[in-house]
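# Observations on chain architecture
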Amino acid sequence: MWRLRRAAVACEVCHSLVKRSSGVQGTLPLQKLHLVSRSIYHSHHPTLKLQRPQFRTSFHQFSSLTNLPLRKLKLSPIKYGYQPRRNFWPARLAARLLKLRYLILGSAVGGGYTAKKTFDQWKDMIPDLSDYKWIVPDIVWEIDEYIDLEKIRKALPNSEDLAKLAPDFDKIVESLSLLKDFFTTGHKLVSEVIGASDLLLLLGSPGETAFRATDHGSESDKHYRKVTDKEKIDQLQEELLHTQLKYQRILERLEKENKELRKLVLQKDDKGIHHRKLKKSLIDMYSEVLDVLSDYDASYNTQDHLPRVVVVGDQSAGKTSVLEMIAQARIFPRGSGEMMTRSPVKVTLSEGPHHVALFKDSSREFDLTKEEDLAALRHEIELRMRKNVKEGCTVSPETISLNVKGPGLQRMVLVDLPGVINTVTSGMAPDTKETIFSISKAYMQNPNAIILCIQDGSVDAERSIVTDLVSQMDPHGRRTIFVLTKVDLAEKNVASPSRIQQIIEGKLFPMKALGYFAVVTGKGNSSESIEAIREYEEEFFQNSKLLKTSMLKAHQVTTRNLSLAVSDCFWKMVRESVEQQADSFKATRFNLETEWKNNYPRLRELDRNELFEKAKNEILDEVISLSQVTPKHWEEILQQSLWERVSTHVIENIYLPAAQTMNSGTFNTTVDIKLKQWTDKQLPNKAVEVAWETLQEEFSRFMTEPKGKEHDDIFDKLKEAVKEESIKRHKWNDFAEDSLRVIQHNALEDRSISDKQQWDAAIYFMEEALQARLKDTENAIENMVGPDWKKRWLYWKNRTQEQFVHNETKSELEKMLKCNEEHPAYLASDEITTVRKNLESRGVEVDPSLIKDTWHQVYRRHFLKTALNHCNLCRRGFYYYQRHFVDSELECNDVVLFWRIQRMLAITANTLRQQLTNTEVRRLEKNVKEVLEDFAEDSEKKVKLLTGKRVQLAEDLKKVREIQEKLDAFIEALHQEK
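Computed from a predicted model, the values in this text were never measured in an experiment.

### Description of the overall build of the chain
- Helix and strand counts for the chain come out as 35 helices and 11 strands.
- Each of the 978 residues in the chain was classed as buried or not, and the buried ones make up 41%.
- Sequence-distant contacts in the chain: of pairs separated by 6 or more residues, those separated by 24 or more amount to 78%.
- When the accessible surface of the chain is totalled, it reaches about 57,700 Å², and 52% of it is carbon and sulfur.

Right, dumping it as structure tokens:
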């Protein structure tokens, strides 16, 4: 009985399990379930045309990376009906638990596999960047050669500091997971329901209650997330911003250290500049060769036969407009009827991602898509043209080099020349026409130059000047391309269209050409854009009778076809001639190297710039040597120079007038007054002049003094120019005179001689000064009276009549002085009359002025001799000086005067020496550096100051080597492109 009861209970459990598995009591709508789940839950749903499968369950696996499709796990089918067997429920429970373990392990393995698969998918999505390594400069791969990475590594913070700065990645991952859960709640909900329902099929009805409880809990959790997600996002953003700021500070510090390291690397470089290795295009390499050639010899005397496209035409023929259409930008200055192209402009066209222009000697890029940059570019070209044109000229042969890059541009080098004129108008130089012809011929004489001849189609062909010039340079037309501009105006104004055809075919001109083209350069409005002109040009030729009547071929019209044809012709000429030109420069290089070895075998090949740098270092070394002059030397030369400058004033204007008063009180008063006047007005200025001249003399001595075997006379002109310009710019400090005046006045006020040594030094100084004046006076008397009897006897010299009169007058005046040795300095009128009558009695006619002149020299000699005798007497007068000459007939006030002068000279020399060494030498050194910097930027100045065969030979050798190396590199790149 009990067995029947247990079987009935088991049957009821099976029926209930079957009912639950069939989906009758499901809580979710059926349309929201997965397709497989639908087939499990409701096998008879009208939308499913599948047979009822056996009873199965599914377990849905998912991860935070991706959602995978359901994985089906087969279960043993449950057979309906009563099957009597023994109920080993512990075994069945263990089996169910083991199956659950397998499901959990399978989920873990599947999740890992899913993560790996997702990582591989992401890895495959990353593009292969190996083909773009050329974008990164080579210096990045060679950075360890120039930057001490070990030093940077040591400067980086350690792991603990970085750990402190690093964000809390657990929080970030948690926040990101919450964000993902927020945006994928619907999909997760379905997945969770499916997974839970499949688990219910395994665990039975008790699991249903757990599933529902979990589901309700997740719904409340979702509601909580909706409330706090915004706050968590804000918190996450704040953390990220804080982390970015920390890393930004670290990056700035590393960049600063890297800058310092790079500075050290550059200083160790030979030339001070490290050039980055960048991949250059063919046309850029070729343009550099032409630039070097232009610098080498602007007159093309080097037989430069490298191809260029030379654009020539009459003035206002549309030459510049054609070039702008080819460059696809209005890059040239424009004017109505006046000459705008005043010097050749070399334009290098190359293809690039951005439409930009830049000059050869400038790093600024002009964006040709912006009108303000276009205006700035036109203004810069105009300024450079006016700078090239010398005073008194209208045009210049100096070339302006411009690079234009942009999408769709044809690669070539064009040279825009000044327009050919027929007559010289007002405001032009008289030789403007001849200069333009000579510039055009210089470019067109190149046998490999492509001549782009521009002819205005709106004027009569007979008025053209340029066609005759082109036919002279290229009579067979093997390298000439003829372009007829303004065809729209020509078709409108010319009565016979066949005349345009004759012009295009070259029947109206004596010239021949490779090809003939017709273009339209706009409606005459300078504000038209290139795109508008191109559309107008294409529209015109589409409707033009010239094409419809087959007068012109389709390939002969539009600037687009013209640029393609010119580019093809240019590169064909380049490939045919470049190797031959490279060989000719190799031969030139060999000849120059041989000449250098024969003439200068022991000298390095220094060009003008290198020689200038060497001379600059020598000049700076010589200026620095000024600061090494000893103070004693400065004071000696300053004191000596100052005394030579003021000695005449001291003797003639101070000492002699005071000494002739014959009274000690009057002597001292006169001396004090004259010294005060002298100090207030003249002395400080004289002292500053002496100091400045002394500095100049010392600077000149260091600059021009031969250095023995190391002296190179090639620098003499440069050093002399630097010296003169530096001295010219130097100005003495204006406040020096005021401070010096006070010092000199105080020195002259002092009369106290402290010891016998100073007294003797003053007497010696006075004797030297008086003896020098006495010698000068005797020389003046000798020149006045002629040679004495010894010179007349030994050298057979005679006196002139004037000298004879002076000699007789001198003898008469000496007799007067012998009678009265204390005679005053001036002759009385009666004394002059007496002397004149005495001379007349001896048959000598004299003039009173002659007597006065002779007396001045005679009395001066007499006074100086007397003063020298007085000096000798004053040697023992120091004792009386200390007693203020009391009870003594000896008065040595003149010795005190010369001691005051001597002390003033010493103090002034010391003051000037301090100012020289502390201020003026440094200022002079600064002026020298500024002059050298100015000379370094002035190429004409360097050419003028550094001249000679040696310099020119080194210049030619360097340029030819550079040209040959660039040509070899270009040829190699040209072969690689083939």
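### Overview of the sheet that holds strand E4 (residues 345-351)
- Across the sheet, 9 strands lie side by side as E6-E5-E7-E4-E8-E3-E9-E10-E11; this open sheet has mixed pairing. Of all strands in the sheet, those with a lone pairing partner are strand E6 (366-367) and strand E11 (515-518), marking the two edges.
- Sheet contacts for helix H13 (residues 371-388): E4, strand E5 (356-359), E6 and strand E7 (400-406); angle to E7, the most-contacted strand, approximately 160°.

### Looking at H13
- Here H13 is 18 residues long and its end C-alpha atoms lie 26 Å apart, about the 26 Å a rise of 1.5 Å per residue gives.
- Next to the buried residues of H13 lie E4, E5, E6 and E7.

### Re the packing of aromatic side chains
- In total, this model carries 17 aromatic pairs according to the counting rule given.
- Relative to Phe898, the ring of Phe765 has its centre 6.0 Å away and its plane inclined at 70°; by these criteria the two rings are edge-to-face. Of this pair, Phe765 sits in helix H27 (residues 756-785) while Phe898 sits in helix H33 (residues 893-937); the two residues are 133 residues apart in sequence, bridging distant segments of the chain.
- Its relative accessible area of 11% is what places Phe765 among the buried residues.
- On the accessibility criterion, Phe898 (0% relative accessible area) is buried.

### Let's talk about the pairing of strand E3 (residues 309-313)
- Within E3, 5 of the 5 residues are buried, leaving the element largely enclosed by the surrounding structure.
- Bridge count for E3 against strand E8 (residues 412-416) is 3 bridges, and the pairing is parallel. Counterpart to Val309 in the pairing with E8 is Leu414.
- Inspection of the sheet shows E3 paired to strand E9 (residues 450-456) by 5 bridges, in the parallel sense. Directly across from Val310, in E9, lies its bridge partner Ile451.

### What to know about the packing of helix H24 (residues 683-704) against H33
- Where H24 contacts H33, the two axes come as close as 9 Å, and the packing angle between them is 50°. Classed by the angle they form, the pair H24 and H33 counts as oblique. You can see that H24 and H33 cross each other, and the crossing is right-handed. Judged by residue contacts, Leu683, Ala687, Ala691, Leu695 and Phe699 of H24 engage Met904, Thr908, Leu912, Leu916, Glu920, Val921, Leu924 and Val928 from H33.
- Taken together, the residues of the contact of H24 with H33 break down into 11 nonpolar, 1 polar and 1 charged.

### Here's the deal with a negative patch on the surface
- There is a patch of like negative charges on the surface, built from Glu398, Glu930, Glu933, Glu937, Asp938 and Glu940.
- The element contributing the most residues to the negative patch is H33, with 3 residues.
- Tracing the chain through its elements places Glu933 in helix H33.
- A relative accessible area of 47% places Glu933 in the partly exposed class.

### Overview of the pattern of salt bridges
- This structure, assessed with the given rule, holds 42 salt bridges.
- When the shortest N-O distance is used, the salt bridge between Glu593 and Arg589 registers 3.0 Å. Placement of both Glu593 and Arg589 in helix H20 (residues 559-599) is noted, with a separation of 4 residues, approximately one turn of the helix.
- For Glu593, a relative accessible area of 18% puts it in the buried group.
- As a salt-bridge pair, Glu808 and Arg842 come within 3.4 Å of each other at their nearest N and O atoms. On the criterion of sequence distance, the pair formed by Glu808 in helix H29 (residues 801-819) and Arg842 in the loop between helix H30 (829-841) and helix H31 (848-873) is long-range, its members being 34 residues apart.
- Put simply, Arg589, Glu593, Glu605 and Arg961 are held in one network by salt bridges that share partners.

### Quick word on the pairing of E9
- Of all 7 residues in E9, 7 are buried, a share of seventy percent or more.
- Burial of the side chains of E9 extends over both faces: Ile450, Leu452, Ile454 and Asp456 are buried on one face and Ile451, Cys453 and Gln455 on the other.
- Pairing between E9 and strand E10 (residues 480-485): 6 bridges, direction parallel. Bridge assignment links Ile451 to a residue of E10, and that residue is Thr480.

### Observations regarding the environment of Asn599
- Mapped onto the elements, Asn599 comes out in helix H20.
- As for Asn599 and Arg950, which are separated by 351 residues in sequence, their C-alpha atoms are 8.6 Å apart.

### Description of the packing of H27 against H29
- Running from N to C, H27 and H29 cross one another at 125°; their axes reach a closest spacing of 7 Å. Taken together, the axes of H27 and H29 are oblique relative to one another. Of H29, the residues touching H27 (which contributes Ile781, Asn783, Met784 and Val785) are Gln803, His806, Asn807 and Lys810.
- Split into classes, the residues belonging to the contact of H27 with H29 amount to 3 nonpolar, 4 polar and 1 charged.

### Some details on the state of the cysteines
- Taken as a whole and judged by the stated rule, the model has 1 disulfide.
- What pairs with Cys874 in a disulfide is Cys892, and their sulfur atoms sit 2.1 Å apart. One quick way to see it: the torsion about the S-S bond of Cys874 and Cys892 is about -100°, and its sign makes the bridge left-handed. Residue Cys874 is located in the loop between H31 and helix H32 (878-882), and its partner Cys892 is located in the loop between H32 and H33; the two are separated by 18 residues in the primary sequence. The pair formed by Cys874 and Cys892 is uniform in burial state, with each residue classed as buried.

### With respect to the nonpolar core
- Membership of the largest hydrophobic core comes to 102 residues, with the highest contact counts inside it found for Tyr655, Trp678, Leu695, Trp759, Leu770 and Ile901.
- The biggest single contributor to this core is H33, with 17 residues.
- The next biggest cluster of nonpolar side chains, apart from the first, holds 67 residues, and it includes Ala327, Leu409, Tyr600 and Ile963.

### Observations regarding the confidence of the model for the chain
- Averaged over the chain, the pLDDT score is 75; the fraction of residues at 70 or greater is 68%.
- The low-confidence segment residues 182-227, where pLDDT is below 50, has 47 contacts with residues more than four positions distant or belonging to other chains.
- Here residues 269-278 is modelled with pLDDT under 50, and outside its nearest four sequence neighbours on either side it reaches 11 contacts, counting other chains as well.

### Examining the side chain of Arg913
- As for its placement among the helices and strands, Arg913 is situated in helix H33.
- On the basis of relative accessibility, which here comes to 16%, the residue Arg913 falls in the buried class.

### A word on unusual backbone geometry
- With a phi angle near 60°, Gln328 is a residue other than glycine that sits in the positive phi range.
- Looking at the secondary structure, you find Gln328 in the loop between helix H12 (319-327) and E4.
- If you check the backbone angles, Lys486 has positive phi at about 55° while not being a glycine.
- If you trace the backbone, Lys486 turns up in the loop between E10 and helix H16 (487-493).

### Topic: a nonpolar patch on the surface
- A cluster of nonpolar side chains, Trp789, Trp793, Leu794 and Tyr795, forms an exposed patch at the surface whose accessible area comes to about 630 Å².
- Looking at the element boundaries, Trp789 is found in helix H28 (residues 789-795).

### Quick look at the environment of Arg860
- Within the secondary structure, Arg860 sits in helix H31.
- Along the backbone, Arg860 and Leu774 are 86 residues apart, and their C-alpha atoms lie at a distance of 8.0 Å.
- In this view, Arg860 contacts Ile651, Glu652, Leu656, Arg773, Thr777 and Trp855; residues no more than four positions away in its chain are not counted.

Cut-offs used in this document
- Within every chain, residues take consecutive numbers counted from 1 along the sequence as written.
- Local features in this predicted model are restricted to residues of pLDDT 70 or higher, and side-chain atom pairs are both shown and tallied only at a pLDDT of 80 or more, whereas totals for entire chains, interfaces and linings draw on every residue.
- Values reported for side chains reflect all heavy atoms of the structure, with hydrogen atoms and water molecules removed beforehand.
- Helix and strand labels come from DSSP, where a helix needs a run of H or I of at least four residues and a strand needs a run of E of at least two; each type is numbered from the N terminus.
- When accessible area is computed with a 1.4 Å probe and restricted to protein chains, residues below 20% of their type maximum are described as buried, those above 50% as exposed, and intermediate ones as partly exposed.
- Pairs of residues are marked as contacts when any of their non-hydrogen atoms sit within 4.5 Å.
- Note on areas: Shrake-Rupley with a 1.4 Å probe; residue coverage comes only from the protein chains shown.
- A strand pair is defined by DSSP finding two or more bridges across the two strands.
- In this analysis, axes come from line fits to C-alpha atoms, helices being fitted only over the stretch in contact, and the angle between any two N-to-C directions falls in the range 0 to 180 degrees.
- One less than the residue count of a helix, multiplied by 1.5 Å, gives the span that helix is expected to have.
- The aromatic pairing rule takes the rings of Phe, Tyr and Trp, using the six-membered ring of Trp, and pairs them if the centres are within 6.5 Å, calling planes under 30 degrees apart stacked, those over 60 edge-to-face and the rest tilted.
- Comment on the angle field: the value is read as roughly parallel under 35 degrees, roughly antiparallel over 145, roughly perpendicular from 65 to 115, and oblique elsewhere.
- For any pair of crossing helices, the crossing counts as left-handed if the nearer helix is rotated counterclockwise from the farther one by less than a right angle, and right-handed if it is rotated clockwise.
- Throughout this entry, Asp, Glu, Lys and Arg are counted as charged residues, while Ala, Val, Leu, Ile, Met, Phe, Trp, Tyr, Cys and Pro are counted as nonpolar. The remaining residues, Gly among them, count as polar.
- Only residues whose relative accessible area exceeds 30% and that take part in no salt bridge are eligible for patches, with like-charged residues grouped when within 9 Å of each other and nonpolar side chains (Val, Leu, Ile, Met, Phe, Trp, Tyr) grouped when within 5 Å.
- By definition, a salt bridge exists where a carboxyl oxygen of Asp or Glu is found within 4 Å of a side-chain nitrogen of Lys or Arg.
- For the charge count, each Lys or Arg is scored as positive and each Asp or Glu as negative, with His and the chain ends excluded.
- One atom stands in for each charge, and that atom is NZ of Lys, CZ of Arg, CG of Asp or CD of Glu.
- Whenever a pair of cysteine sulfur atoms sits within 2.5 Å, that pair is classed as a disulfide.
- As used in this record, nonpolar core signifies buried Ala, Val, Leu, Ile, Met, Phe, Trp, Tyr and Cys residues forming a set joined through side-chain atoms within 4.5 Å.
- How sure the predictor is of each residue is captured by pLDDT, a score from 0 to 100.

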